[in-house]
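Next come the chains, spelled out residue by residue.
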Amino acid sequence: MMDKNVFHYVVKVNGKEYNVDIESENDEIMVRNVSRVHSQPAPAPQSEPVPATSSPTNSQTISRPSEKKSEAPSGGNIVEAPLPGKILRINVSVGQQVKRGELLLVLEAMKMENEILAPSDGVVDSILVTPNQTVNTHDALVLLK
Amino acid sequence: MAWEDILEEYRKRKETILLGGGKEKLQKIKDSGKLTARERINYFLDENSFVEIGAFVEHRATALGMEKTKAPSDGVVTGFGTVGGRLVFVASQDFSVLGGSVGEMHAAKIARIQDMALQYKAPVIIMNDSGGARIQEGVDSLKGYGDIFYRNVKSSGVVPQISVVFGPCAGGAVYSPALMDFVFMTKNAYMFITGPKVVETVTGEKVTNEQLGGPLVHAEKAGNIHFVADSDEEALDLVRELLSYLPNSAFEKPLYMDPNDEPTRLVPELEDIIPAEPNKAFDIRKVINAVMDDGRFMEVQSDFAKSVVTGFGRLGGHVVGIVANQSSFMAGVLDIDSSDKAARFVRTCNAFNIPILTFVDTPGYMPGTGQEYGGIIRHGAKLLYAYSEAEVPKITLIVRKAFGGAYIAMGSKHLGADLVFALPSAQVAVMEAAGAANIVFKKEIESSPNPEEVRASKISEYNKEFMNPYVAASRLYVDDIVEPQFVRIALFNALELTLTKKNSVGVKHGNIPL
């Protein structure tokens, strides 16, 4: 008998939040979708008041670029896109054991085939992109366990 | 009174000083796998070369119970000695003495060796292991920090300044390392402006010392440091190695070492390392290793802004500083961090009379809101500034891509490069073919009944005409196009020539952190 459930979670890894949809089917659990939660920009710290003469455009939305934010050291298992581009090919499959530095997939960006390598040893838990898919910086590509 | 009594008094005092915070505390440091302040100096310097200065210094604080507190050497061991026979000045904070805290006299001792280093034109190495300001000494402690920072800046670009962080380094203390030319950290060290407790109180964020300011954070994300070491010994070995690439001051050239490796050695392996297809990434460090003497290359900031590689090596015995785009990381783009990293490195080389060798393979500056909002214009400008400003020999090899503003920035002829070479695989152009064709032939493509066909043919036309080194060479922007196997010879000959150009040694500029 089919017993299929979909659960939605918000998972926090390295201080970043991700929407994760998990599907369970006959004792099997599969990750269906992982996407980055793009949180509201933090309000300006009180010690740096916005000058009264500031332009009508909301200067607070122009925050520092996300890649400059300091975060906890790696240890998370979501491999993100380092730059925007197109997935050219995927070199691993779900369940595969990978070593740190092993090729996971190739991301074509800036006219270059950028090799996305495993940041740590692990097992490929799910692959969140397909060839020809366009991705943005920080989009989740592969989930390692 | 007899000599015996005089000497007994002296030896008793000296023994107390050498024991720092006492046997127990020293043992605790050793048990944690670290070296003590004095062991670090002895390990680092040539045997029996250390001459101590200020061993008998005492603090003169009286507030908050300090009148009863003894602090041998006031918590820092200072003096001079040699490394490989060359003079250096050292200060080593002693964590066993009041947590290595910085009081008035402690700071005065460090300032003293900073002054001496300037006077005798030799590198300063400061070994940090300190809980921070000595609160009991109040503003005198702050004055002490200020004195050190001031001398860091006045020495900048005059003598090499190297900081090694072995333990805690928090609050104002972080700014002395930050002002220096090279910062090393061990796995046991951490650095931050405010510690986890204050962070939690102010922002509610919970972090550990390591997460907030451990060596990996600074090496990979913040870019505050240049080298990470597993142990105290490894850190000091690395400092000795780094010193072998640096002159003692801006008034000297770096040390020439007779090479075992023939400058005329061919490097046909470059054809295997560098893919002929411009869209295939490779590790530029393999090219650097192949070209340098004995395959040796000491990478600086290897974990930060990895789309550009910086470091030192020797070519035919002469020290060179290398700046290279790394296509295997972010396609080798110049972004905010890699521009800052390369610009600071170029200025470090210029300050210390080190010729700059540039390997170019970059698609350009990184586009997007993240970069633009972060100020890529301002940060990218630093690289143009640094290359233009540098008077040392500047030799450039265009390996593959050299596009647009990034072509200009990466040691082009136009910013004063002495000699520019290109491999036959080089592409010197305003931009890559598809983008260029879409703009230049926009009307033709759109008005055609077969736009895709026209587009493809225009792209291939552009590729054929412009994506090569020949246009630039025809204008003398590239001096010569060389086969990969002759790269080492070409670069060596260029270096021998340009080392004779009129670039007098002496102070050129400070080395402001960028």
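Source: prediction; values computed, not measured.

1. Considerations on the overall build of chain A
No. 1: Looking only at helices and strands, chain A has 0 helices and 11 strands in total.
No. 2: N-terminal to C-terminal, the α/β element order of chain A is β-β-β-β-β-β-β-β-β-β-β.
No. 3: For chain A, buried positions account for 19% of its 145 residues.
No. 4: Relative to all contacts within chain A whose residues are 6 or more apart in sequence, the contacts with residues 24 or more apart total 47%.

2. Structural notes on the overall build of chain B
No. 1: Along the backbone of chain B there are 21 helices and 17 strands.
No. 2: Referenced to the eigenvectors of the C-alpha coordinate spread, the extents of chain B come out at roughly 105 × 55 × 35 Å.
No. 3: The buried share among the 514 residues of chain B stands at 52%.
No. 4: Considering only contacts in chain B between residues 6 or more positions apart, those separated by 24 or more positions represent 74%.

3. Focus on the environment of F192 of chain B
Residue and element names in this part refer to chain B.
No. 1: Along the polypeptide, F192 turns up in strand β8 (residues 190-192).
No. 2: Each C-alpha atom of the pair F192 and G214 lies 8.7 Å from the other, and the pair is 22 residues apart in sequence.
No. 3: Discounting residues that sit within four places of it in the chain, F192 has contacts with A170, V174, L212 and G213.

4. Observations regarding the packing of helix α17 (residues 433-440) of chain B against helix α19 (residues 451-466) of chain B
Residues and elements named next belong to chain B.
No. 1: Contact geometry of α17 with α19 gives a least axis separation of 8 Å together with a crossing angle of 115 degrees. At the point where α17 passes α19, the crossing takes the right-handed sense. The residues of α19 that touch α17, namely those facing A433, A434, A436 and A437, are R455, K458, I459, Y462 and N463.
No. 2: Along the lines of polarity and charge, the residues of the contact of α17 with α19 split into 6 nonpolar, 1 polar and 2 charged.

5. What about the nonpolar core?
As a rule of thumb, soluble globular proteins bury nonpolar side chains together.
Residues and elements named next belong to chain B.
No. 1: Ranked by size, the top nonpolar core spans 153 residues in total, and within it F184, V239, V346, I398 and L491 carry the most contacts.
No. 2: Here this core takes 7 residues from helix α13 (residues 336-351), the largest share from any one element.
No. 3: The residue makeup of this core includes at least three contributed by each of domain 1 (3-243) and domain 2 (270-431 + 467-498).
No. 4: Not counting chain neighbours up to four residues away, the residues in contact with I398 comprise V360, V420, A422, L423, A426, V428, P469 and V478.

6. Quick word on helix α1 (residues 3-18) of chain B
Given 3.6 residues per turn, any residue in an α-helix points the same way as the ones three and four places further on.
Residue and element names in this part refer to chain B.
No. 1: When the terminal C-alpha atoms of α1 are compared, their 22 Å separation across 16 residues agrees well with the 22 Å that a helix rising 1.5 Å per residue should span.
No. 2: Across the 16 residues of α1, 0 count as buried, placing the element largely on the outside.
No. 3: Phi turns positive, to about 50 degrees, at G20, one or two residues after α1.

7. A short note on the pairing of strand β7 (residues 182-186) of chain B
Residues and elements named next belong to chain B.
No. 1: The buried fraction of β7 amounts to 5 of the 5 residues, a majority that puts the element mostly inside the structure.
No. 2: Summarising the sheet, strand β5 (residues 161-165) and β7 pair through 4 bridges and their orientation is parallel. Opposite V164, over in β7, you have F184 as the bridge partner.
No. 3: Bridging between β7 and strand β9 (residues 227-229) involves 3 bridges; their strand directions are parallel. Within β9, the position partnered with T186 by the bridge is A229.

8. Focus on the sheet that holds strand β4 (residues 78-80) of chain A
All names here are of chain A.
No. 1: Sheet architecture is open: 4 strands sit in the order β4-β11-β9-β6, paired in antiparallel fashion. In this open sheet, the two edge strands, each paired with only one partner strand, are β4 and β6 (97-98).
No. 2: Of the strand pairs in this sheet, β4 and strand β11 (residues 140-144) are connected by 3 bridges, and their pairing is antiparallel. Across the sheet, the residue bridging to E80 is A140, located in β11.

9. As for the environment of E8 of chain B
All names here are of chain B.
No. 1: With respect to the helices, strands and loops of the structure, E8 is situated in helix α1.
No. 2: A residue is classified by how many C-beta atoms lie within 10 Å of it, and E8, with 11 of them, is exposed.
No. 3: Once the C-alpha coordinates of E8 and A390 are considered, the two residues, 382 residues apart in sequence, prove to be 58 Å apart.

10. Digging into the domain arrangement of chain B
How large an interface is tends to be reported as the accessible area lost when its parts come together.
All names here are of chain B.
No. 1: Partitioning chain B into domains gives domain 1 (3-243), domain 2 (270-431 + 467-498) and domain 3 (433-466).
No. 2: Domain 1 and domain 2 are separated by 36 Å when their C-alpha centres are compared.
No. 3: On the domain 2 side, the residues contacting the 9 residues of domain 1 number 11 residues.
No. 4: Secondary structure elements with two or more residues in the side of domain 1 that touches domain 2: α9 (215-222) and α10 (232-243).
No. 5: Its residues placed into classes, the side of domain 1 that touches domain 2 shows 3 nonpolar, 3 polar and 3 charged.

11. Concerning the sheet that holds strand β2 (residues 76-83) of chain B
All names here are of chain B.
No. 1: Taking strand neighbours across the sheet as the criterion, the 7 strands line up as β1-β2-β3-β4-β5-β7-β9 in an open arrangement whose pairing is mixed. Pairing within the sheet leaves two strands with one partner each, and these edge strands are β1 (51-52) and β9.
No. 2: The sheet contacts of helix α3 (residues 37-44) involve β2, β3 (86-93) and β4 (124-128), and relative to β3 the element is tilted by about 165 degrees.
No. 3: Contacts from helix α4 (residues 104-120) reach β2, β3 and β4 within the one sheet, and its direction differs from that of β2 by about 25 degrees.

12. Notes on the confidence of the model for chain A
Residue and element names in this part refer to chain A.
No. 1: The predicted model of chain A averages 71 in pLDDT, with 52% of residues at 70 or higher.
No. 2: For chain A, per-element mean pLDDT is lowest for strand β3 (residues 28-36), which scores 64, and highest for β6, which scores 95.
No. 3: Here residues 39-75 is modelled with pLDDT under 50, and outside its nearest four sequence neighbours on either side it reaches 36 contacts, counting other chains as well.

13. Details of the packing of α13 of chain B against helix α15 (residues 376-389) of chain B
Residue and element names in this part refer to chain B.
No. 1: The contact between α13 and α15 brings their axes to 8 Å, and the two run at 20 degrees. Between α13 and α15, the crossing angle belongs to the class labelled roughly parallel. The interaxial crossing formed by α13 with α15 has left-handed handedness. Across the interface between the two elements, I336, S339, D340, A342, A343, V346, R347 and N350 of α13 pack against I376, H379, G380, K382, L383, Y385, A386, Y387 and E389 of α15.
No. 2: Looking at the contact of α13 with α15, its residues break down into 9 nonpolar, 4 polar and 4 charged.

The rules we used
- Residues numbered from 1 in each chain as written.
- Chains lettered and ligands numbered in written order.
- Predicted model: local features only at pLDDT ≥ 70, side-chain atom pairs only at ≥ 80, totals over all residues.
- Helix = DSSP H or I, 4+ residues; strand = E, 2+ residues; numbered from the N terminus.
- Buried ≥ 20, exposed ≤ 12 C-beta atoms within 10 Å, placed from the backbone.
- Contact = placed C-beta atoms within 7 Å.
- Axes fitted to C-alpha atoms, helices over the stretch in contact; angles between N-to-C directions.
- Left-handed = near helix turned anticlockwise from the far one by under 90°.
- Nonpolar A, V, L, I, M, F, W, Y, C, P; charged D, E, K, R; others polar.
- Core = buried A, V, L, I, M, F, W, Y, C linked by C-beta atoms within 7 Å.
- Domains from an automatic or database assignment.
- Expected span 1.5 Å × (residues − 1).
- Pairing = 2+ DSSP bridges.
- pLDDT = per-residue confidence, 0-100.
- Parallel < 35°, antiparallel > 145°, perpendicular 65-115°, else oblique.

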